[in-house]
Amino acid sequence: GDSVTQMEGPVTLSEEAFLTINCTYTATGYPSLFWYVQYPGEGLQLLLKATKADDKGSNKGFEATYRKETTSFHLEKGSVQVSDSAVYFCALRANSGGYQKVTFGTGTKLQVIP
Amino acid sequence: DSGVTQTPKHLITATGQRVTLRCSPRSGDLSVYWYQQSLDQGLQFLIQYYNGEERAKGNILERFSAQQFPDLHSELNLSSLELGDSALYFCASSVAGQETQYFGPGTRLLVL
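Residues numbered from 1 in each chain as written. Chains lettered and ligands numbered in written order. Predicted model: local features only at pLDDT ≥ 70, side-chain atom pairs only at ≥ 80, totals over all residues. Heavy atoms only, no water.

With that out of the way, let us pick up the side chain of Asn-77 of chain B. All names here are of chain B. With respect to the secondary-structure elements, Asn-77 resides in strand β8 (residues 74-78). What makes Asn-77 buried here is its relative accessible area of 8%. Here Thr-20 takes part through its side chain, which lies 2.8 Å from a polar atom of the side chain of Asn-77. If sequence neighbours within four positions are ignored, Asn-77 has contacts with Arg-18, Val-19, Thr-20, Arg-63, Phe-64, Ser-65 and Gln-67. (Helix = DSSP H or I, 4+ residues; strand = E, 2+ residues; numbered from the N terminus. Buried < 20%, exposed > 50% of the residue type's maximum accessible area, 1.4 Å probe, protein only. Polar contact = N/O pair within 3.5 Å; in protein donor to acceptor, adjacent residues only side chain to side chain. Contact = heavy atoms within 4.5 Å.)

If you want it as structure tokens, here you go:
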């Protein structure tokens, strides 16, 4: 079945550091890929997405490129802020039994310290 | 604000009891999804409804059931509650089922 693997957290960085959160996936066909963010005490929010190979999703300084050859969708940001502290979820959406099923990774907690 | 509302925000109950969680999707969205988020299991998809009909089932226990009403709001019923059912329950909605999902703020359930 489909699966998403994320690097385990927590990831602790100093403000203005470079962020990479790794995400790899297993799926049949051509899934769409997503990053969601969950701030403390809130629900998940879509951060960015990519729907086909080599697409780059970007939002709020975050970027991720859909790499079909490595089945990866790593999240990057050049300079993190304290306000980026949250849990980040990688997800894929693929056709499964005639409907579009979303599979989430386990989440990676990011802590940014001043 | 995603436009998805969930009530109640918090719920404390005892083992063996039954609770109902409510979700109102974004205006115009026909699909509703339910997820369970716990510390040990992560985010687990439970069930999806589309325009009142069950569309997909995930890791939903037989003690749990859901429905979507004609006004498109949905309810998740949890019965014979166990300590392990303590978790955050999220509802999400999308226009038709093939687009981005928008999540509600969740209901935190504590079973004592």
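What follows covers the sheet that holds strand β3 (residues 19-24) of chain B. Two pairing modes exist for strands in a sheet, parallel and antiparallel, and in both the strands are linked by backbone hydrogen bonds. Residue and element names in this part refer to chain B. Strand order across the open sheet formed by four strands is β1-β3-β8-β7, with antiparallel pairing between neighbours. Only two strands of the sheet have a single neighbouring strand rather than two, namely β1 (5-7) and β7 (64-68). Between one strand axis and the next, the sheet turns by 15° as a mean value, whatever way the strands run. (Pairing = 2+ DSSP bridges. Axes fitted to C-alpha atoms, helices over the stretch in contact; angles between N-to-C directions.)

Right, let's get into the pairing of strand β6 (residues 53-57) of chain B. All names here are of chain B. With four bridges joining them, strand β5 (residues 42-50) and β6 adopt antiparallel strand pairing. Directly across from Tyr-50, in β6, lies its bridge partner Glu-53. Hairpin connection between β5 and β6: a loop of two residues separates the two successive antiparallel strands, and Asn-51 in this loop has a positive phi of roughly 50°.

This part covers the interface of chain B and chain A. If you look at the interface, chain B gives 17 residues, while chain A gives 14 residues. Summing the contributions of chain B and of chain A, the shared interface buries around 1300 Å²; its carbon and sulfur component is 57%. Counting across the chain B and chain A interface gives zero salt bridges. Every element with two or more residues in the side of chain B that touches chain A is listed here: β4 (31-38), β5, β6 and β9 (87-94) of chain B. Ranked by residues supplied to the side of chain B that touches chain A, first place goes to β6 of chain B with three residues. Tallied by class, the residues present in the side of chain B that touches chain A amount to seven nonpolar, seven polar and three charged. (Buried area = accessible area lost by both parts, 1.4 Å probe. Salt bridge = Lys/Arg side-chain N within 4 Å of Asp/Glu carboxyl O. Nonpolar A, V, L, I, M, F, W, Y, C, P; charged D, E, K, R; others polar.)

To continue, consider the pattern of salt bridges. All names here are of chain B. Using the criterion set out here, one finds six salt bridges over all chains in the structure. The closest approach of N and O atoms between Arg-63 and Glu-82, which form a salt bridge, is 3.7 Å. Of this pair, Arg-63 sits in the loop between β6 and β7 while Glu-82 sits in the loop between β8 and β9; the two residues are 19 residues apart in sequence, bridging distant segments of the chain. Judged by its relative accessible area of 43%, Glu-82 falls in the partly exposed class. Via salt bridges that share partners, Arg-63, Glu-82 and Asp-85 belong to a single interconnected network.

For the rest of this paragraph, the subject is the state of the cysteines. Enumeration over the complete set of coordinates arrives at two disulfides over all chains. In this model Cys-23 of chain A forms its disulfide with Cys-90 of chain A; the gap between the sulfur atoms is 1.9 Å. Looking down the S-S bond of the Cys-23 of chain A and Cys-90 of chain A bridge, the torsion is -70°, so its handedness is left-handed. On the criterion of sequence distance, the pair formed by Cys-23 of chain A in strand β4 (residues 23-26) and Cys-90 of chain A in strand β10 (residues 86-96) is long-range, its members being 67 residues apart. Disulfide pairing is shown between Cys-23 of chain B and Cys-91 of chain B; the S-S distance is 1.7 Å. Because the torsion about its S-S bond is -50°, the bridge between Cys-23 of chain B and Cys-91 of chain B counts as left-handed. Pair noted here: Cys-23 of chain B is in strand β3 and Cys-91 of chain B is in strand β9, with a separation of 68 residues, a long-range link. Note on Cys-23 of chain B: relative accessible area 0%, which makes it buried. (Disulfide = S-S within 2.5 Å.)

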